[in-house]
Amino acid sequence: MNKRFFLKTTAMLAAAAAFGTAQAQTTPIKFQMDWRFEGPAAFFLVPGANGYFKDAKLDVTVDSGNGSGGAVTRVASGTYDMGFADLAALMEFHANNPDAPNKPVAIMMVYNNTPASVMALKKSGIKTPADLAGKKLGAPVFDAGRRAFPIFQKANGIGNVAWTAMDPPLRETMLVRGDVDAITGFTFTSLLNIEARGVKADDVVVMQYPDYGVKLYGNAIIASPKILKDNPAAVKAFLAAFTKGAKDVMANPAKAIETVKARDGIINVDLETRRLKLAIDTVINSPDAHAEGFGQVKGPRLSLMASQVSDAFNTKTRVKADDVWNGSFLPTAKELDILPKVKK
C-alpha cells in the first residue's frame, strides 16, 4: 500500500512539475498598436479572444497607440517587442537613425496599400488632384498622408499647396467648417469622421493615393531585432496565430467588433463595424494584396517605395529596402491564403 501510495504521489508530482514547466514556456509579448481601439484593432484582439495566442503558448498584451512614429520608437527602445506601424514611418526611422542599436524591421504586411487619401467637400470645387494647387490643406504634422504628400504631388503634377497643422481630433472639424480646403488622412478614419460631423459620404471627394499612382505599402507588423534573434519560434507562432485571427475578422467583421467593444466600451459599434469593413475593402483585401499575397511584399515595389520615402521625407541617409523587411518568419503560402474572394 505504501509503495503504491509513493508511486502515485511521485507520478502526481512529476505531472505537476511538467505542467509548471509547460506554463513557464509561455512567452510574453508586448504589442504596440499604431492607434486607438477602433475597428481595425480587431485584427489584433481577435487572435487573443479566440484563443489562438494561448494555443501558440503566447501571452500577448496589446496596447493602443498614438501614431506609427510612436509605435516604431517604442519597439526600438525595447519597451515593446512588436508593433504595428506605417512602413514609411519605419523607413524614416532607419534612414534618420543609421547607428541606432535596435532598429525594428517589418515582418508581415497587413495594409498592402497605404490608406492615405486626400479628402475635400464637393462644394469646394475640388474634383481632381490638379485642383489642389494653391489650396489650403490640413493634417497633423505626423499624418502619414501629409508626410507622403510630396509623392502624391509629384505623381499627379500638383502645384504648390499651403499646409495647416492641427491636432487629430480637429482635422475633420476644420474641413467641415471651411478652415481648410482639403485634408489628408486614412480613408477609413477621416471619411467616417466627416460623416459623423453631418456631411454625407456622397458629398465628399476622396482621392485615395493608390488610385492616383502612389503604390506605397501601408501598415506592417514590426518586431525588434532582439526578439527575432532570441525567440524566433515565438515570432513565427505570433504571425501564425495572427493570420488565423485575421481570417476570422474578414469572415465576420460584425462579430470581430465585439472584441474592440470589450476593450473600449464607449465605441460606436455600427460606426466601428463600418470602419473595419472599409479598411478590409480598401487596403487589406485589395487587388494588389491578391496579386502579391497576404502578408507579403514584392522586391521592386519595396525598393521604389524606399527611394520615394528617401526623397519625400528628406532623410539623413537613403532608405535601404533590405534593412527594413524580413519575410523569413511568415507562415506558409497556404496558411497565408486567407483573403476573401473578390466578387466579380
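Above this note sits the structure.
Calculation criteria
- Residues numbered from 1 in each chain as written.
- Predicted model: local features only at pLDDT ≥ 70, side-chain atom pairs only at ≥ 80, totals over all residues.
- Heavy atoms only, no water.
- 1 Å grid on protein atoms, 1.4 Å probe; cavity = no way out; pocket = protein on both sides within 12 Å on 5 of 7 lines; lining within 4 Å.
- Points joined across faces, edges and corners; volume = space filled by probe spheres on them.
- Nonpolar A, V, L, I, M, F, W, Y, C, P; charged D, E, K, R; others polar.
- Buried < 20%, exposed > 50% of the residue type's maximum accessible area, 1.4 Å probe, protein only.
- Helix = DSSP H or I, 4+ residues; strand = E, 2+ residues; numbered from the N terminus.
- Pairing = 2+ DSSP bridges.
- Axes fitted to C-alpha atoms, helices over the stretch in contact; angles between N-to-C directions.
- Phe/Tyr/Trp six-rings, centres within 6.5 Å; stacked < 30°, edge-to-face > 60°.
- Core = buried A, V, L, I, M, F, W, Y, C linked by side-chain atoms within 4.5 Å.
- Left-handed = near helix turned anticlockwise from the far one by under 90°.
- Contact = heavy atoms within 4.5 Å.

Asks: What is the right way to read empty space enclosed by the protein from this model?
Replies: Leftover empty space is mapped by rolling, across the atoms, a probe with the size of a water molecule. Applying the stated criterion across every chain, the model contains 2 cavities of 30 Å³ or more. If you trace the largest cavity, you find it lined by Asp86, Ala88, Thr114, Ala116, Ala144, Gly145, Ala148, Leu216, Tyr217, Met305 and Phe313. Here the lining of the largest cavity is composed, by residue class, of 8 nonpolar, 2 polar and 1 charged. Space inside the second largest cavity adds up to approximately 30 Å³. As for the second largest cavity, its lining consists of Met109, Val110, Asn112, Ile284, Ala289, Gly293, Phe294, Gly295 and Gln296. For the lining of the second largest cavity, a count of residues per class yields 5 nonpolar, 4 polar and no charged.

Asks: Is there a simple way to think about helix H9 (residues 187-196) in this case?
Replies: Residues spaced three or four apart along an α-helix face the same direction, because each turn holds 3.6 residues. Counted residue by residue, H9 has 8 buried out of 10 residues, so it is predominantly covered. Thr187, Phe188, Thr189, Ser190, Leu191, Leu192, Asn193 and Ile194 are the residues of H9 that are buried.

Asks: Can you walk me through the sheet that holds strand E9 (residues 204-208) in this structure?
Replies: Hydrogen bonds along the backbone pair up the strands of a sheet, which may run parallel or antiparallel. One open sheet accounts for 5 strands, arranged E7-E6-E8-E5-E9; its pairing is mixed. Each having just a single partner strand, strand E7 (162-164) and E9 make up the two edges of the open sheet. Taking each pair of neighbouring strands and ignoring which way they run, the sheet shows an average axis angle of 30°. Relative to E9, strand E5 (residues 116-121) is paired through 5 bridges, and the arrangement is antiparallel. Residue pairing across strands places Ala120 opposite Val205, the latter belonging to E9.

Asks: Hey, could you run me through the packing of aromatic side chains in this one?
Replies: Pairs of aromatic rings are described using the distance from one ring centre to the other and the angle between the two planes. Scanning the entire structure with this criterion turns up 12 aromatic pairs. Measuring from ring centre to ring centre gives 5.4 Å for Phe149 and Trp163, while their planes differ by 85°; the resulting arrangement is edge-to-face. Here Phe149 is found in helix H7 (residues 149-155), whereas its partner Trp163 is found in strand E7, with 14 residues between them in sequence. With relative accessibility at 1%, the residue Phe149 sits in the buried group. On the basis of relative accessibility, which here comes to 27%, the residue Trp163 falls in the partly exposed class. Between Phe152 and Tyr209, the ring centres sit 4.6 Å apart and the planes meet at 15°, which makes this aromatic pair stacked.

Asks: Got a minute to help me understand the nonpolar core in this structure?
Replies: In globular proteins that are soluble, nonpolar side chains generally tend to be buried together. Core analysis: the biggest nonpolar cluster contains 100 residues, and Ile221 and Phe238 have the highest contact counts within it. Here the element with the most residues in this core is helix H11 (residues 232-251); it accounts for 10 residues. Among the nonpolar cores identified, the runner-up in size contains 11 residues, and Met119, Met174, Val180 and Val204 belong to it.

Asks: Can you help me understand unusual backbone geometry in this one?
Replies: Glycine aside, residues mostly have negative phi, and peptide bonds are mostly found in the trans state. Unlike most non-glycine residues, Lys57 shows phi in positive territory, near 60°. On the secondary structure map, Lys57 appears in the loop between helix H3 (52-55) and strand E2 (58-63). You can call Lys57 partly exposed: its relative accessible area is 42%. You will see that Asn314, though not glycine, has its phi angle at about 50°, which is positive. With respect to the helices and strands, the residue Asn314 is situated in the loop between helix H15 (299-312) and helix H16 (321-324). Residue Asn314 is classed as exposed on the basis of its relative accessible area of 67%.

Asks: When you look at the packing of helix H5 (residues 87-96) against H15 in this model, what are you seeing that I'm missing?
Replies: Any two packed helices are characterised by the angle at which their axes cross and by the distance between the axes. Between H5 and H15, the least distance of the axes is 10 Å, while the angle of their chain directions is 65°. Handedness of the H5/H15 crossing: right-handed. Contacts from Leu87, Ala88 and Met91 in H5 reach Leu302, Met305, Ala306 and Val309 in H15. For the contact of H5 with H15, a count of residues per class yields 7 nonpolar, no polar and no charged.

Asks: Help me understand the sheet that holds strand E10 (residues 219-223) in this model?
Replies: If you trace the 5 strands from one edge of the open sheet to the other, you get E2-E1-E3-E10-E4, paired in mixed fashion. The sheet is open, and its two edges are formed by E2 and strand E4 (105-109), each paired on a single side. Put simply, the sheet's adjacent strands are angled 30° from each other on average, direction ignored. Sheet topology places strand E1 (residues 27-32) next to strand E3 (residues 82-86); 2 bridges connect them, and they run parallel. Counted as the bridge partner of Phe31 is Met82 from E3. Sitting on the sheet, helix H4 (residues 68-77) touches E1, E3 and E10, and the angle it makes with E3 is about 145°.

So far we have only geometry, and geometry alone does not tell us how the molecule works.
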